[in-house]
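Take a look at the letters that make up each chain.
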Amino acid sequence: MPPEQLALTALVGGLFVLAFGFVASVKNWRTRLPFVGGKRLATDGGHAHGGSHAHKPSGIVRWLTTVDHKDIGILYGTYGVIAFLWGGVAVLIMRIELFTAASTYISPNMYNALLTSHGITMLFLFGTPIIAAFANYFVPLLIGADDMAFPRINAIAFWLLPPGALLIWAGFFTIPLDLAIGPAETSWTMYTPLSVEQVNPGVDLMLLGLHLTGVSATMGAINFIATIFTERGDDVSWANLDIFSWTILTQSGIILFAFPLLGSALIMLLLDRNFGTTFFAVEGGGPILWQHLFWFFGHPEVYILVLPMMGLVSWILPKFAGRKLFGFKFVVYSTLAIGVLSFGVWAHHMFGSGIDPRIRASFMATSLAIAIPSAVKTFNWITTLWNGNVRLTTPMLFCIGFISNFVLGGITGVFLASVPVNYLLHETYYVVGHFHYVVMGMIAFAGFGAIYYWFPIVTGRMYNRTLAKAHFWLSMIGVNITFFAMLLAGYFEMPRRYATYEFNPSLAPLAEITLLHQAMTVGALIITVGTVLWLVNIVWSWKKGGEVTDPDPWDTKEYGLHGREFAWFEQQLAATDGGETEIDGEVATDGGETLGDE
Amino acid sequence: MSVETDDGHGHGDSHHLPAVEDWPKGFGEASWWPFIAALGGGGFYVGAALFILGRGTEPMLNPMIGPLVFVLSTVAFLTGLYGWLYHAFIVDFWEGEADSYGFPLKLTMLLFLGTEVATFGGGFVYYFFVRAGAWENLPAIVTEGEVLSTLVIANTLVLIASSVTMHYAHHALLKGDRKRFVRLLGTTFGLGLVFLAGQVYEYYEFIFHYGFGITDGAYGTAFYGLTGLHGLHVALGAVLLAIVFVRALYGHYSPEKHVSISTVSMYWHFVDVVWVFLVVVLYAGAIV
């Protein structure tokens, strides 16, 4: 077996041990003997401010049996973080390989496998679950519900995810076993006929795992819609429903139609691979049918990921601008508009596939139209900042970084939506740069911002502000180096998905392309340093961070922007401490007042 | 997968506990049922994966391992499902506030049916691609027009009749005519089984007498893909009908408490409508 595969396996294994250790340590599992399900616990199992004493068993049983939306939110979050780390390691290996033009450290096949796993992991195992984490924990709090509409379905939906991930990654686990199963090399789009003809059963395992995670996402979406429709508190109407819940509602509506269709397409692909059906064969529906079905799911998937993150930014940004969200109604309308339009743009991924020119033109029009609701949002965010009392806390920095990256990621999308420009750029790194500005520059940024913003509620502690700000600046600089270099490499027509770039020098500007690739790798390393700081900060602060005793750690009350979730937090604090024990700490630049050893 | 879901609503106090009855007992926010059900649910996929690894000329493992895992997963899945539904609905049926909780459950069924539109949509889009495309290499049953047989028409009438009996069963329950309700519900279940039997017989006829299987060209794939998907849905519907029928026999339901009759009825009508559409485009649409 090649040494690089051994090393990779060891790396993945180490990552899992690390991640598991992280979960085990932060949740105080060690303080109780596991598997003692019958014993009542006086405190909330290590949770600093639990309000529900003795409603849950102790030890690991609590986590396996919980139907509490907050616990399930933490489970989703942990799962998402583990996936994020693996997806990050995968792309880091690829970026290091691409530092030189030749194939140096890993084989092109391994490169393809990592490319596939990075995409699938980040979109299905990190993106969707991390949003479910925020939504599970906070939507019930924000709408004044006791819990999700269906707490047990909520738990089932989560517990379907780990076996899904094991199947999706199975091809990597089997490398040291020397079986004839390898990681899938289909790319995340799984285009036929390639994905039908690869004999590697690792592809089948991945398809099965994807179907399972799709079932999980669909169950979650149904649950969120039912919750937001029927479980709102008496004083929460449609008119004053918060923006995050609006985006979750829209996202769930998209999931409702996108994921089941992907499920059918995956089953059809499995049947084609194993039972000789003709769904995507030339004599049947043909390869183009796969592209239609996949992108009918795949483009809405982008909005499944980005809409809730836009909701988070719309929720957090005003808190630190000292002003209400400007044009709230129009932000909601633009969310709904994007939700509807998302199903009408899929063929812009297929302009180069030889589809009917009239179809191309109409899809170009709808794709360009998406720029309008997107711009409505952007201008509303900017206008919210206008004349505001802007406080540059870490969550706020991530929100502003989000908007800045959205301008770049969004406008490059407008160019790509235009058919003639698309012909030139679609198979190049320009597309990679465009959508990574969105998925990393926006989705991950909003996720980080929300983690920092809600850290006091979830953990009862405050994070380290210096590390957090370092994390932001490293991420912001790293993202813009990496992905701007990709846009430029796209103008040089560097084709995407390639494991090497040893082109004919008379045909390609090799010096420039090499330089840009090296910049991308350096940028990726900067992002990595920032992410490691984040991980260290979160783990350390969860255990040792200063305890938050101020129910208003972000000082939002004075602006009349105190959110429902922090009102809930205040009740929890009062219930735990039996009264006001607020101690004013230093007037922190981060707006966070903390006690102790920060 | 059944979306007739848990209750977890309303025990009066400010923060209600969703899982009071569930095992492990005495907590209120803990239940093993979701974990067990998900273990079974995930096990289906692991079983399918092992089945694929056990196929081919050089199978990587014993071909029986996959089906074995599948069967064990079914046991786990049904155990979890049973415990969950029992503790959510049955144990507290008359005391719980099932009726005021009807709207969320009906909405949920409606949302689930929305996902089903997308699930069936994938298969139908394939068929439309084929039908509107080359439309070549057709099997004999299509070229000779035998796909739309008397059997299919009779089977369609059976399924439509079952929708009618389902509707009147619900109607009888609402009017308090319990005997008629149980009788019509049982009839619906019986007609559902007849339909499934007819479907199996049709497959038998096509495969063994006409030699028309799933690998016989683009139409074979569409035919068995779509009718198979629909058949699975009817089978699930029959399971749901069996559950509510047994519950009705044990005295459940009243004119005030009939939510699961409503949701099962919605599902059954949906499956019926899909079948009619399917007969029109896949059977009749193939020969016109």
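No experiment lies behind these values; they were computed from the predicted model shown. (Residues numbered from 1 in each chain as written. Chains lettered and ligands numbered in written order. Predicted model: local features only at pLDDT ≥ 70, side-chain atom pairs only at ≥ 80, totals over all residues. Heavy atoms only, no water.)

## Considerations on the overall build of chain B
Inference 1: The secondary structure content of chain B amounts to eight helices and zero strands.
Inference 2: Listed by position from the N terminus, the elements making up chain B come as α-α-α-α-α-α-α-α.
Inference 3: By principal-axis analysis of the C-alpha atoms, chain B measures approximately 65 × 55 × 30 Å.
Inference 4: Buried residues in chain B amount to 54% of all 288 residues.
Inference 5: Carbon and sulfur atoms make up 70% of the accessible area of chain B, which amounts to about 12500 Å² in all. (Helix = DSSP H or I, 4+ residues; strand = E, 2+ residues; numbered from the N terminus. Buried < 20%, exposed > 50% of the residue type's maximum accessible area, 1.4 Å probe, protein only. Areas by Shrake-Rupley, 256 points an atom, 1.4 Å probe, with all protein chains shown as cover.)

## Details of the interface of chain A and chain B
Inference 1: Counting from both sides, the interface comprises 66 residues of chain A and, opposite them, 63 residues of chain B.
Inference 2: Between chain A and chain B, a total of about 5400 Å² is buried, with carbon and sulfur atoms accounting for 74% of that surface.
Inference 3: On the surface where chain A and chain B come into contact, there are zero salt bridges.
Inference 4: Inspection of the region where chain A meets chain B yields seven residue pairs in polar contact (both at pLDDT 80 or more).
Inference 5: Looking at which element gives the most residues to the side of chain A that touches chain B, the answer is helix α9 (residues 201-230) of chain A, with 14 residues.
Inference 6: Looking at the side of chain A that touches chain B, its residues break down into 39 nonpolar, 17 polar and 10 charged. (Contact = heavy atoms within 4.5 Å. Buried area = accessible area lost by both parts, 1.4 Å probe. Salt bridge = Lys/Arg side-chain N within 4 Å of Asp/Glu carboxyl O. Polar contact = N/O pair within 3.5 Å; in protein donor to acceptor, adjacent residues only side chain to side chain. Nonpolar A, V, L, I, M, F, W, Y, C, P; charged D, E, K, R; others polar.)

## A few points about a nonpolar patch on the surface
All names here are of chain B.
Inference 1: A cluster of nonpolar side chains, namely Ile153, Leu157, Ile160, Val164, Tyr168, Val276 and Val280, defines an oily patch on the protein surface of about 590 Å² accessible area.
Inference 2: Examining the composition of the nonpolar patch, we find that five residues originate from one element, helix α5 (residues 150-174), more than from any other.
Inference 3: Tracing the backbone through its elements, the reader meets Ile153 in helix α5. (Patch = residues over 30% accessible without salt bridge, like charges linked within 9 Å, V, L, I, M, F, W, Y side chains within 5 Å.)

## Observations concerning the nonpolar core
Inference 1: Formed by 275 residues in total, the largest nonpolar core has its most connected members in Phe124 and Trp454 of chain A together with Phe181, Leu185, Tyr219 and Leu282 of chain B.
Inference 2: Two domains share this core, each providing at least three of its residues, namely domain 1 (1-95) and domain 2 (101-288) of chain B. (Core = buried A, V, L, I, M, F, W, Y, C linked by side-chain atoms within 4.5 Å. Domains from an automatic or database assignment.)

## A short note on the packing of aromatic side chains
Inference 1: Applying the stated rule across the entire model yields 78 aromatic pairs over all chains.
Inference 2: Judged by centre distance (5.2 Å) and plane angle (90°), the rings of Phe280 of chain A and Trp290 of chain A are edge-to-face. Of this pair, Phe280 of chain A sits in the loop between α10 (243-275) and α11 (287-321) while Trp290 of chain A sits in helix α11, and the two are 10 residues apart along the sequence.
Inference 3: With relative accessibility at 2%, the residue Phe280 of chain A sits in the buried group.
Inference 4: Judged by relative accessible area, Trp290 of chain A falls into the buried class, the value being 0%.
Inference 5: Seen from their ring centres, Phe455 of chain A and Tyr463 of chain A are 6.2 Å apart, and the 75° between their planes marks the pair as edge-to-face. Each of the two residues, Phe455 of chain A as well as Tyr463 of chain A, counts as buried.
Inference 6: It is Arg55 of chain B that lies over the ring of Phe275 of chain A; its NZ or CZ is 4.5 Å from the centre.
Inference 7: Between the NZ or CZ atom of Arg131 of chain B and the centre of the ring of Trp135 of chain B, over which it lies, the distance is 4.3 Å. (Phe/Tyr/Trp six-rings, centres within 6.5 Å; stacked < 30°, edge-to-face > 60°. Lys NZ or Arg CZ within 6 Å of the ring centre and 35° of its normal.)

## Some thoughts on the domain arrangement of chain B
Inference 1: In terms of domain boundaries, chain B breaks down into domain 1 (1-95) and domain 2 (101-288).
Inference 2: For domain 1 of chain B versus domain 2 of chain B, the separation of C-alpha centres amounts to 25 Å.

## A look at the pattern of salt bridges
Where charged atoms of side chains with opposite charge meet at close range, the side chains can pair.
Residues and elements named next belong to chain A.
Inference 1: Per the counting criterion, the structure on display carries 10 salt bridges over all chains.
Inference 2: With its nearest N and O atoms 3.4 Å apart, the salt bridge here joins Asp68 to Lys70.
Inference 3: The class of Lys70 is buried, set by a relative accessible area of 13%.
Inference 4: Counted as one network, the salt bridges with shared partners bring together Lys56, Arg62, Asp68, Lys70 and Asp71.

## Considering the side chain of Thr221 of chain B
Inference 1: Residue placement: Thr221 of chain B occurs in helix α7 (residues 217-249).
Inference 2: Only 3.0 Å separates the side chain of Thr221 of chain B from the backbone nitrogen of Thr278 of chain A, close enough to count as a polar contact.
Inference 3: For Thr221 of chain B, the contacting residues outside a window of four places in its chain are Thr277, Thr278 and Phe279 of chain A together with Tyr126 and Ile214 of chain B.

## Topic: a positive patch on the surface
Inference 1: Taken together, Lys175, Lys179, Arg180 and Arg183 of chain B make up a surface patch of like positive charges.
Inference 2: Given a relative accessible area of 63%, Lys179 of chain B falls into the exposed group. (Lys, Arg positive; Asp, Glu negative; His and termini not counted. Charge placed at Lys NZ, Arg CZ, Asp CG, Glu CD.)

## A look at the packing of helix α6 (residues 161-168) of chain A against α9 of chain A
Helix packing for two helices is described by the angle between their axes and how far apart those axes are.
Residues and elements named next belong to chain A.
Inference 1: Interhelical geometry of α6 versus α9 gives an angle of 160° and a closest axis separation of 7 Å. In terms of axis orientation, α6 runs roughly antiparallel to α9. The handedness of the crossing between α6 and α9 comes out as left-handed. For the pair α6 and α9, contact is made by Leu161, Pro163, Gly164, Leu167 and Ile168 and by Leu205, Met206, Leu208, Gly209, Leu210, Leu212, Thr213 and Ser216, respectively.
Inference 2: Split into classes, the residues belonging to the contact of α6 with α9 amount to nine nonpolar, four polar and no charged. (Axes fitted to C-alpha atoms, helices over the stretch in contact; angles between N-to-C directions. Parallel < 35°, antiparallel > 145°, perpendicular 65-115°, else oblique. Left-handed = near helix turned anticlockwise from the far one by under 90°.)

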